[in-house]
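Chain and residue survey
Read off the chains here:
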Amino acid sequence: TSSFARMFVQVCLYFYCKCLWRCLKFVVRKLTGQCELQRICYNTKPGAARTMKIEASLKGSKSKRLQTSVNVHPDAIEKTIDDIMELKRINPDINPQLGVSLQACLLQIVGYRNLIAEVEKLRREPYDSDNPQHEEMLLKLWKCLKPNSPLKARISKQWCEIGFQGDDPKTDFRGMGLLGLYNLVYFAEWDTEIAQQVLSDSLHPKYSDAWQYPDFNYWFFFLSQLSKAEWEKKKFDKAIGYSFAIVGINITDLAYNLLVSGALKTHFYNVAPEAPTLTHFQQTFCYLMHEFHKFWIDEDPLDIMEFNRVREKFYKQILKQLQNPEMALCPHFAASESLINM
């Protein structure tokens, strides 16, 4: 009986989607004198809510021309808008704003698809130690994070100081390819102060309040304020940290999954007035790194073995935030000031 009921519901839903819904749209158009695209543009404010509705409307259209309009080349968008207006019998002289709104939406939709392709290309490109550009970027990462500690050799134990697993960082980029390096360098170069602070805290998170002040006198003052009982407790407290670079590559994977799943559409459609770019993606990575670091400290894990649990919980929290069509991840650091201004 339950199987039959499910089948009946599925048939009803199919019938509704294929027939009744199209009939309803036809009736509404006759009553309002506007097609669905017009109603969306005129009744929904710019941003993710509008763009996602336009995208769904175009993909769900019975017209192949409208379905394929979300996959055109950016240079063909103006021609595509003209085709849509003609197909929908909309006079552009009477509805000038509609063309502008549709163009902005299509730029975001097509730009998001192209961004996925660009990010995927970087992810698939392996780190090549024989490539001077790759090596230059890797050395830039060290200089940004450890400006006062010269790297003694290309193959060195020093790389562990910024969170790589061994003497040669190239082996750690296997999962995310150049994308992991690009993101880490962007974070270290454009949010240098915060990146260095996160690195320091990742080494000594239990004492993060004091480590914000490298001055020895302040450190001595901090310890002197502890009671004997507090000192005895902290003396046995483990400095639970994580490997900065490895976590950065892992957060790159998290950002990549958010992108390809479409979850980041909400954020990008709200912050990028036109096509989202690789810079938008890297700024989002900076935000995720900063937020994960705070989340890790708040979770106060017993040891690094809890990393996957904390990461999964953090991922679900970000996904929940992005379900709100008005949501934009709120960066509050140097690299993302342009997003705040927009």
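Residues numbered from 1 in each chain as written. Predicted model: local features only at pLDDT ≥ 70, side-chain atom pairs only at ≥ 80, totals over all residues. Heavy atoms only, no water.

Turning next to the pattern of salt bridges. The tally for this structure, following the rule as stated, stands at 17 salt bridges. Lys157 serves as the salt-bridge partner of Asp167, at 3.6 Å between the closest nitrogen and oxygen. Taken together, the residues Asp167 in the loop between helix 7 (132-145) and helix 8 (177-190) and Lys157 in the loop between helix 7 and helix 8 connect sequence positions 10 residues apart. The salt bridge partner of Lys294 is Glu291, with a shortest N-O separation of 3.1 Å. (Salt bridge = Lys/Arg side-chain N within 4 Å of Asp/Glu carboxyl O. Helix = DSSP H or I, 4+ residues; strand = E, 2+ residues; numbered from the N terminus.)

Here we take up helix 8. A rise of 1.5 Å per residue sets the reference length of helix 8, with its 14 residues, at 20 Å; its end C-alpha atoms lie 21 Å apart and thus fit the reference within 8%. Burial within helix 8 is extensive, with 11 of its 14 residues counted as buried. For helix 8, every residue scored as buried is listed here: Gly177, Leu178, Leu179, Gly180, Leu181, Asn183, Leu184, Val185, Tyr186, Phe187 and Ala188. (Expected span 1.5 Å × (residues − 1). Buried < 20%, exposed > 50% of the residue type's maximum accessible area, 1.4 Å probe, protein only.)

Between helix 3 (residues 48-59) and helix 6 (residues 96-124), the shortest axis-to-axis distance is 9 Å and the interhelical angle comes to 85°. Considering their axes alone, helix 3 and helix 6 lie roughly perpendicular with respect to each other. Judged by residue contacts, Arg50, Thr51, Ile54, Glu55 and Leu58 of helix 3 engage Ser101, Leu102, Cys105, Leu106, Gln108 and Ile109 from helix 6. (Axes fitted to C-alpha atoms, helices over the stretch in contact; angles between N-to-C directions. Parallel < 35°, antiparallel > 145°, perpendicular 65-115°, else oblique. Contact = heavy atoms within 4.5 Å.)

Before going further, it helps to examine the packing of aromatic side chains. Following the criterion strictly, the structure yields 16 aromatic pairs and no others. When the centroid spacing of 5.6 Å and the interplanar angle of 65° are considered together, the rings of Phe164 and Phe173 count as edge-to-face. Phe173 shares its class with Phe164; the two are buried. Among the aromatic residues, those joined into a ring-pair cluster are Tyr242, Phe292, Phe295, Trp296, Phe307 and Phe314. (Phe/Tyr/Trp six-rings, centres within 6.5 Å; stacked < 30°, edge-to-face > 60°.)

One can find Gln165 in the loop between helix 7 and helix 8. By relative accessible area, Gln165 is classed as exposed at 61%. C-alpha separation for the pair Gln165 and Ala245, spaced 80 residues apart in sequence, amounts to 8.7 Å. In contact with Gln165, not counting residues within four places along its chain, are Cys160, Asp172 and Ile246.

On average, residues of the chain score 84 in pLDDT, and 80% of them are at 70 or above. Residue range residues 207-223 is modelled with pLDDT below 50. Its contacts to residues more than four positions away, or to other chains, number 14 contacts. Between residues 333-342, whose pLDDT stays under 50, and residues either more than four places distant or in other chains, the model counts 26 contacts. (pLDDT = per-residue confidence, 0-100.)

So, on to the environment of Ala272. Looking at the element boundaries, Ala272 is found in the loop between helix 14 (265-271) and helix 15 (278-299). A sequence separation of 224 residues divides Ala272 from Ala48, and the C-alpha atoms of the two residues are 9.8 Å apart. For Ala272, the residues in contact, after removing those within four places along its chain, are Gln108 and His280.

Formed by 83 residues in total, the largest nonpolar core has its most connected members in Ile54, Leu102, Leu141, Leu181, Leu258, Phe281 and Leu288. Looking at which element gives the most residues to this core, the answer is helix 6, with 11 residues. When residues are assigned to domains, this core turns out to be shared by domain 1 (25-113) and domain 2 (132-205 + 240-323), each giving three or more. Each residue touching Leu288, except ones within four places of it in the same chain, is listed here: Ile251, Leu254, Ala255, Leu258, Phe314 and Ile318. (Core = buried A, V, L, I, M, F, W, Y, C linked by side-chain atoms within 4.5 Å. Domains from an automatic or database assignment.)

Within the secondary structure, Ser57 is located in helix 3. Among the polar contacts made by the side chain of Ser57, one reaches the side chain of Glu36 at a distance of 2.7 Å. Aside from chain neighbours lying at most four places away, what touches Ser57 is Glu36, Leu37 and Ile40. (Polar contact = N/O pair within 3.5 Å; in protein donor to acceptor, adjacent residues only side chain to side chain.)

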